[in-house]
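Report on the structure
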Amino acid sequence: MNSATSLEQRAVSRITRRLLPFLILLFIVAFIDRVNVGYAALEMTGDLGFDPEILGFGAGIFFIGYFILEIPGTLIVERWSARKWLARIIVSWGILATMMGFIQDATQFYIVRFLLGLAEAGFFPGVIVYLSHWFPYRHRAKTVAMFMAAIPVANIIGAPISGLILGINWLDVAGWRWVFILEGLPAVVLGFVTLFYLTDKPRQAKWLPEEETDWLEAELAREKLVKHSRQQFTMLQAVSDRRVILLSLVYFCSVTSAYGFSFFLPTIIKELSGFSNLMVSLVAILPYIGGLVAMILVGTSSDRTGERRWHTSLSFLCVSIGLFLSSIAYANGNAVLAVAMFCLVGIGTYSALPAFWSLPTAFLTESAAAACIGMINSIGNLGGFVGPYVVGYLVKNTGSFSAGILYLSCSAMAAAVLVLLIKKLPMTERFAATDQT
């Protein structure tokens, strides 16, 4: 091992240990606050008289608010301060997540979910941009995989916690209200911790030795020169680039299937099995356990080979197949086969993410990259509105989840096809080769 390789490994290892555990914790808390409505719905819908269409609309309207502030929030991270902006996001979403425990009707449900989306907008793409300030390209898919492991972990942790909280009735307040209150408060505390813990730029990091700082800044500058030598992008050119538009459509289709699936998963399992709320929450974690393992393995493979598109496409294909077969299992009342196929859906959904989110930073830098990541995430997350709402609408009008699940399967198949239409990115091969030296 030569000295340059040793320096690189020390720097990347140190940065990973310092930043990733805390960022993962933040994302776990954020994601629990985003999706716990699916578990609260096991009791909330009966108490408030919500039908599946109301639940789907309320779950999805989060992403309308998310869409509005996504690109501005991501640019603020790039141009101002990730530390301060992320802290603002975390505190405000914690307050609004807690307020969900006090809603009384559908209107209040819609308003608070919409405001929660506004509050959280910019967090995820902001972190993706933030990580690009700390990790060279050849380490990025694995790093993103580690960060995005928070999504399945949040479901693995949040599902049984939500199931347990549903069973309490403190102060004559229903358990589903305590789900929102108790799971929202940690974000408020962590928001203030963020101000003191994160560092905006490598040169400001007192915990990073100077030689490692010099290496990292030189490496990131070299990557920037490689990208600039190919094509200079203004923000307007970047967001209108064919690849960016395709990435936005891919993410829209994938998010449609992912959230349409995850928000209604507890309800589907309960309908098929007749289990208690706690048992439903325990069964519901199985797809996320599979997704967590697959995310790390596929992210590592993508970094090792430098290939992104096929890793992403084949993962989405798994989602489509899993959803299609689970619709057949559901129609036949086969709970065991349905849960097995749900696990395939989880594996495909989460294994696609690391390679996918490495694609934009392969050809874009700085504000152009920030704007495009914000655009991809904001347009894509509109699928988080479409998926739950369409499934809820179809359930209300057909009396079954079968049609909704088939719709989600078609959406995942579209994502698998669209990502292959993106031209091969020379940046990936250049830095994959560098990684082997």
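Criteria and cut-off values
- Residues numbered from 1 in each chain as written.
- Predicted model: local features only at pLDDT ≥ 70, side-chain atom pairs only at ≥ 80, totals over all residues.
- Heavy atoms only, no water.
- Helix = DSSP H or I, 4+ residues; strand = E, 2+ residues; numbered from the N terminus.
- Rg over C-alpha atoms; globule rule 2.2 N^0.38 Å.
- Contact = heavy atoms within 4.5 Å.
- Areas by Shrake-Rupley, 256 points an atom, 1.4 Å probe, with all protein chains shown as cover.
- Lys, Arg positive; Asp, Glu negative; His and termini not counted.
- Charge placed at Lys NZ, Arg CZ, Asp CG, Glu CD.
- Buried < 20%, exposed > 50% of the residue type's maximum accessible area, 1.4 Å probe, protein only.
- Axes fitted to C-alpha atoms, helices over the stretch in contact; angles between N-to-C directions.
- Parallel < 35°, antiparallel > 145°, perpendicular 65-115°, else oblique.
- Left-handed = near helix turned anticlockwise from the far one by under 90°.
- Nonpolar A, V, L, I, M, F, W, Y, C, P; charged D, E, K, R; others polar.
- Phe/Tyr/Trp six-rings, centres within 6.5 Å; stacked < 30°, edge-to-face > 60°.
- Lys NZ or Arg CZ within 6 Å of the ring centre and 35° of its normal.
- Salt bridge = Lys/Arg side-chain N within 4 Å of Asp/Glu carboxyl O.
- Expected span 1.5 Å × (residues − 1).
- Bend = angle between axes of the 7 residues up to and from the residue.
- pLDDT = per-residue confidence, 0-100.
- Core = buried A, V, L, I, M, F, W, Y, C linked by side-chain atoms within 4.5 Å.

Within the protein, the regular secondary structure consists of 21 helices and 0 strands. Over its C-alpha atoms the protein spans a radius of gyration of 21 Å, differing by no more than 12% from the 22 Å that the globule rule assigns to 437 residues. Taken along the three principal axes of its C-alpha coordinates, the protein extends 60 × 45 × 40 Å. Restricting to contacts in the protein with at least 6 residues of sequence separation, those with at least 24 account for 85%. About 16,200 Å² of surface is accessible on the protein, with carbon and sulfur atoms providing 68% of the total. With 31 positive and 27 negative side-chain charges, the protein shows a separation of 7 Å between the mean positions of the two kinds.

Take the side chain of glutamate 219 next. Tracing the sequence through the fold places glutamate 219 in helix H10 (residues 210-230). Residue glutamate 219 is classed as buried on the basis of its relative accessible area, which comes to 9%. Ignoring anything within four residues of it in the chain, the contact list for glutamate 219 reads Pro136 and Arg138.

Attention now moves to the packing of helix H19 (residues 383-398) against helix H20 (residues 402-419). Helix packing geometry: the angle between the two helix axes and the distance between the axes. Here H19 crosses H20 at 150°, and the two axes come no closer than 8 Å. In terms of orientation, H19 and H20 fall into the roughly antiparallel class. Here H19 runs over H20; the crossing is right-handed. Only Ala403, Gly404, Tyr407 and Leu408 of H20 make contact with H19, whose side of the interface consists of Val386, Gly387, Val390, Val391 and Leu394. For the contact of H19 with H20, the residue count by class is 7 nonpolar, 2 polar and no charged.

Counted under the stated rule, the structure contains 31 aromatic pairs. Ring centres 5.8 Å apart and planes at 45° place the aromatic pair phenylalanine 27 and phenylalanine 123 in the tilted group. Placement of phenylalanine 27 in helix H1 (residues 3-35) and of phenylalanine 123 in helix H6 (residues 123-132) is noted, with a sequence separation of 96 residues between them. With centroids separated by 5.7 Å and ring planes inclined at 75°, the aromatic side chains of phenylalanine 57 and tyrosine 389 adopt a geometry described as edge-to-face. Taken as a pair, phenylalanine 57 in helix H3 (residues 52-79) and tyrosine 389 in helix H19 lie far apart in primary sequence, 332 residues in all. What makes phenylalanine 57 partly exposed here is its relative accessible area of 23%. You can call tyrosine 389 partly exposed: its relative accessible area is 26%. The side chain of arginine 18 reaches across the aromatic face of tyrosine 197, ending 4.2 Å from its centre. Lying across the ring of tryptophan 85, arginine 88 places its NZ or CZ 4.3 Å from the centre.

What follows concerns the pattern of salt bridges. All told, the structure shown has 13 salt bridges when counted by the stated rule. In this structure, lysine 396 engages aspartate 51 in a salt bridge whose closest nitrogen and oxygen atoms are separated by 3.5 Å. One end of the pair, lysine 396, is in helix H19; the other, aspartate 51, is in the loop between helix H2 (37-48) and H3, with 345 residues separating them in the sequence. Here aspartate 51 falls in the partly exposed class, since its relative accessible area comes to 23%. Salt-bridge contacts for aspartate 214 lead to arginine 203; the nearest nitrogen and oxygen are separated by 2.9 Å. One end of the pair, aspartate 214, is in helix H10; the other, arginine 203, is in the loop between helix H9 (175-197) and H10, and 11 residues separate them in sequence. With a relative accessible area of 37%, aspartate 214 lands in the partly exposed category. Each of Glu8, Arg138, Glu219 and Arg222 takes part in a single network of salt bridges with overlapping partners.

The next point concerns H3. Between its first and last C-alpha atoms H3 spans 42 Å; for 28 residues at 1.5 Å apiece the expected length is 40 Å, and the two agree. At glutamate 70, H3 shows its largest kink, close to 45°, and the proline proline 72 lies no more than four residues downstream.

Another aspect to go through is the confidence of the model for the protein. Per-residue pLDDT for the protein averages 88, and the proportion of residues at 70 or more is 91%. For the protein, the element scoring lowest by mean pLDDT is helix H21 (residues 426-435), at 40; H20 scores highest, at 97. Residue range residues 426-437 is modelled with pLDDT below 50. Its contacts to residues more than four positions away, or to other chains, number 27 contacts.

Moving on, we come to helix H14 (residues 286-305). Along an α-helix, a turn takes 3.6 residues, which lines up residues three or four apart on a common side. Compared with the 28 Å implied by 1.5 Å per residue over 20 residues, the 29 Å span of H14 between its first and last C-alpha is a close match. Every buried residue of H14 is listed here: Pro287, Tyr288, Gly290, Gly291, Ala294, Met295, Val298, Gly299, Ser301, Ser302 and Asp303. Of the residues trailing H14, glycine 306 is marked for its positive phi of about 75°.

Looking at where isoleucine 161 falls in the secondary structure, it is placed in helix H8 (residues 150-166). Taking C-alpha positions, isoleucine 161 is 10.0 Å from isoleucine 32, a pair spaced 129 residues apart along the chain.

This part covers the nonpolar core. When a protein is soluble and globular, its nonpolar side chains tend to lie buried together. Counting residues in each nonpolar core, the largest one holds 134 residues, and the members touching the most others are Met44, Trp93, Phe123, Trp134, Phe147 and Trp357. In terms of residues, this core owes the most to one element, H1, which gives 17 residues.

This part covers the environment of lysine 84. Structurally, lysine 84 is set in helix H4 (residues 82-99). For lysine 84, a relative accessible area of 37% puts it in the partly exposed group. Note: C-alpha distance between lysine 84 and glycine 49 (35 residues apart in sequence) is 40 Å.

On to the packing of H3 against H6, then. Contact pair H3 / H6: the axes reach a minimum separation of 8 Å and the direction vectors enclose 25°. Accordingly, the angle class assigned to the pair H3 and H6 is roughly parallel. The handedness of the crossing between H3 and H6 comes out as right-handed. Each of Tyr66, Glu70, Thr74, Val77 and Glu78 in H3 lies in contact with H6, whose residues at this interface are Phe124, Pro125, Gly126 and Val129. Along the lines of polarity and charge, the residues of the contact of H3 with H6 split into 5 nonpolar, 2 polar and 2 charged.

Take the environment of proline 136 next. Along the polypeptide, proline 136 turns up in the loop between H6 and helix H7 (140-148). Residues proline 136 and leucine 286, 150 residues apart in the sequence, show an inter-C-alpha distance of 33 Å.

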